[in-house]
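Given next are the chains, with one letter for each unit.
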Amino acid sequence: MKIRPLNEVVLQILKLREHGEQVTLLAVCPNSEAVLEAAVISAAANHAPMLFAATLNQVDRDGGYTGWTPAQFVAKIREYAHKYSWDGPLYPCLDHGGPWLKDLHTLNRLPYAETMQEVKHTLTACLEAGYALLHIDPTVDRELPAGRILPVETVVARTIELITHAESERSRLGLPPIAYEVGTEEVHGGLVNLEQFRQFLHLLYHGLAEHNLQSAAPCFIVAQVGTDLHTTTFDVQAAREIFTIVSPHGALAKGHYSDSVSNPEDYPRTGMGGANVGPEFTSEEVRALTTLSHQEEALRIEPDERSFFMETLEAAVISSNRWKKWLQPDEKGKNFTELAPDRRTWLLETGARYIWTTPSVLSARKKLYANLAQEGIDAHKIVLERISRAINRYLEAFNLVGFLDRHQ
């Protein structure tokens, strides 16, 4: 199958709209190897294109929390494509590429010049690895006083600086054009207000023209459409307003934090061109493993032979301290065990993605799978099937099932 560049797929979707067919591209955040494998399975089974949106925390030159560099990430996608005999489009993408959007940059208190340079090095590594899309997102500035946001003009200037770097490196490497994504769904970006959003786009396109970068105009523009990590309702009215602003620029509007959204079928209906989903699939992975752990407990296994997987997982999440990132204001300063049971469950499911590759978790998981295998239970297959079902829900709602059969 001939794989079209992602920017050509975007143009194809824009043309399909003229004939009344609305499609929303799905971007899966590859926060574990099981999620990545399940996404390839779903793409192959449904003959659908698939985007993989990897953050700087997940995949980076230091391996991120998945353990993958950009090159290893792309190699892993190709490995699973070969395993499942799938030659369709699987697009590796960078998600939220910008200063201080890698947690270590904030923890290490990197100054602006240093974090910006680190991001530029990663953009080069992504290009060398064969990424199809770069999300340029310089909306965070840890050097600003608390409560202050960057002026839109500064966001635009930094966006153009990073695109200029990427295009210069792409030219140096002799690579074909790639797709770009800009904007943010985060309040800290200052782009949630529609007037500021319009101003951002006006200044961005004007700046790209001034720098002779019209060919690098964004294919996707991220906007706030009512969803975040704690909400599950897609705002139809907001999406329609965003659509009217973005469409004249020949780009697709994209929503992030589409996890567990209650009305995914409204994405294509309102003209949304893309949606990112990530933590939801980690939750599904944890839930599948929870069920499998209960099955193990029901077996007649000596205590010293049990995996104690869930206990190991919880201990790893707690010791990582990454769960503290998601505490509500009234939870600050509390120990994990002092939180309400439902919040502990949520934090465990959300924080598991950070510690899947921890040696203790890997060892316990291996033992869990081995114990269940003795009873004829294919635990890995069960985990993949559960994640794939969650992914398939979006492929169906976004009108992507059979897309490649309809539009070769």
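Here is a short report on the structure shown in this document.

As for the nonpolar core
In a soluble, globular protein the nonpolar side chains are often hidden away together inside. By size, the foremost hydrophobic cluster in this structure holds 136 residues, and its most contacted members are Leu6, Leu26, Met50, Leu134 and Leu313. Broken down by element, this core gets its largest block of residues, nine residues, from helix α14 (residues 379-397).

A few points about helix α11 (residues 309-320)
Residues spaced three or four apart along an α-helix face the same direction, because each turn holds 3.6 residues. Taking 1.5 Å of rise per residue, the twelve residues of α11 would be expected to cover 16 Å, and the 16 Å separating its terminal C-alpha atoms lies within 8% of that figure. Of all the residues in α11, the buried ones are Phe309, Met310, Thr312, Leu313, Ala316 and Val317. Seen from one end, α11 has its buried residues packed into an arc of 160°, which puts them on one side. Considering only its buried residues, α11 is in contact with α10 (279-297), α12 (341-351) and α13 (359-373). Directly beyond the C-terminal end of α11, a positive phi value near 65° is found at asparagine 321.

Some details on the layout of surface pockets
To find leftover empty space, one rolls a probe the size of a water molecule over the atoms. Volume-wise, the second largest pocket comes out at about 480 Å³. Residue lining of the second largest pocket: 25 residues in total, with Leu90, Tyr91, Pro92, Gly130 and Ala132 positioned closest to the centre. Breaking the lining of the second largest pocket down by element, the ones donating at least two residues are α1 (6-18), α3 (70-83) and β3 (90-97). For the lining of the second largest pocket, the element with the most residues is α3, which contributes four residues. In terms of residue class, the lining of the second largest pocket is made up of 19 nonpolar, three polar and three charged.

Re the pairing of strand β2 (residues 50-55)
Most of β2 is tucked away: six of the six residues are buried. Alternating positions in β2 separate into two faces, Met50, Phe52 and Ala54 on one and Leu51, Ala53 and Thr55 on the other, with burial throughout. The sheet contact formed by strand β1 (residues 25-28) and β2 spans two bridges and is parallel. Bridge pairing in β2 links alanine 27 to leucine 51. As for the winding sense of the linkage, the β-α-β connection from β1 through helix α2 (residues 33-46) to β2 is right-handed. Bridge count between β2 and β3: six bridges; the pairing is parallel. Looking at β3, one finds that threonine 55 is bridged to aspartate 95. For the segment spanning β2, α3 and β3, crossover handedness is right-handed.

Focus on the packing of aromatic side chains
All told, the structure shown has nine aromatic pairs when counted by the stated rule. Ring centres of tryptophan 100 and tyrosine 112 lie 6.0 Å apart, and the angle between their planes is 40°; on these two criteria the pair is classed as tilted. In this pair, tryptophan 100 sits in the loop between β3 and α4 (103-107) while tyrosine 112 sits in helix α5 (residues 112-129), placing the two residues twelve residues apart along the sequence. Since its relative accessible area comes to 2%, tryptophan 100 is described here as buried. Consider the rings of tyrosine 394 and phenylalanine 398, whose centres lie 5.8 Å apart with planes at 55°: the pair is tilted. Each of the two residues, tyrosine 394 as well as phenylalanine 398, counts as buried. Through a chain of ring-to-ring contacts, the aromatic side chains of Phe234, Tyr267, Phe281, Tyr394 and Phe398 assemble into a single cluster. Taking NZ or CZ as reference, arginine 393 lies 5.1 Å from the ring centre of tyrosine 394, over its face.

Reading the values: the criteria
- Residues numbered from 1 in each chain as written.
- Predicted model: local features only at pLDDT ≥ 70, side-chain atom pairs only at ≥ 80, totals over all residues.
- Heavy atoms only, no water.
- Core = buried A, V, L, I, M, F, W, Y, C linked by side-chain atoms within 4.5 Å.
- Buried < 20%, exposed > 50% of the residue type's maximum accessible area, 1.4 Å probe, protein only.
- Helix = DSSP H or I, 4+ residues; strand = E, 2+ residues; numbered from the N terminus.
- Expected span 1.5 Å × (residues − 1).
- Arc of directions from axis to C-beta.
- Contact = heavy atoms within 4.5 Å.
- 1 Å grid on protein atoms, 1.4 Å probe; cavity = no way out; pocket = protein on both sides within 12 Å on 5 of 7 lines; lining within 4 Å.
- Points joined across faces, edges and corners; volume = space filled by probe spheres on them.
- Nonpolar A, V, L, I, M, F, W, Y, C, P; charged D, E, K, R; others polar.
- Pairing = 2+ DSSP bridges.
- Right-handed = clockwise from strand over helix to strand, strands pointing away.
- Phe/Tyr/Trp six-rings, centres within 6.5 Å; stacked < 30°, edge-to-face > 60°.
- Lys NZ or Arg CZ within 6 Å of the ring centre and 35° of its normal.

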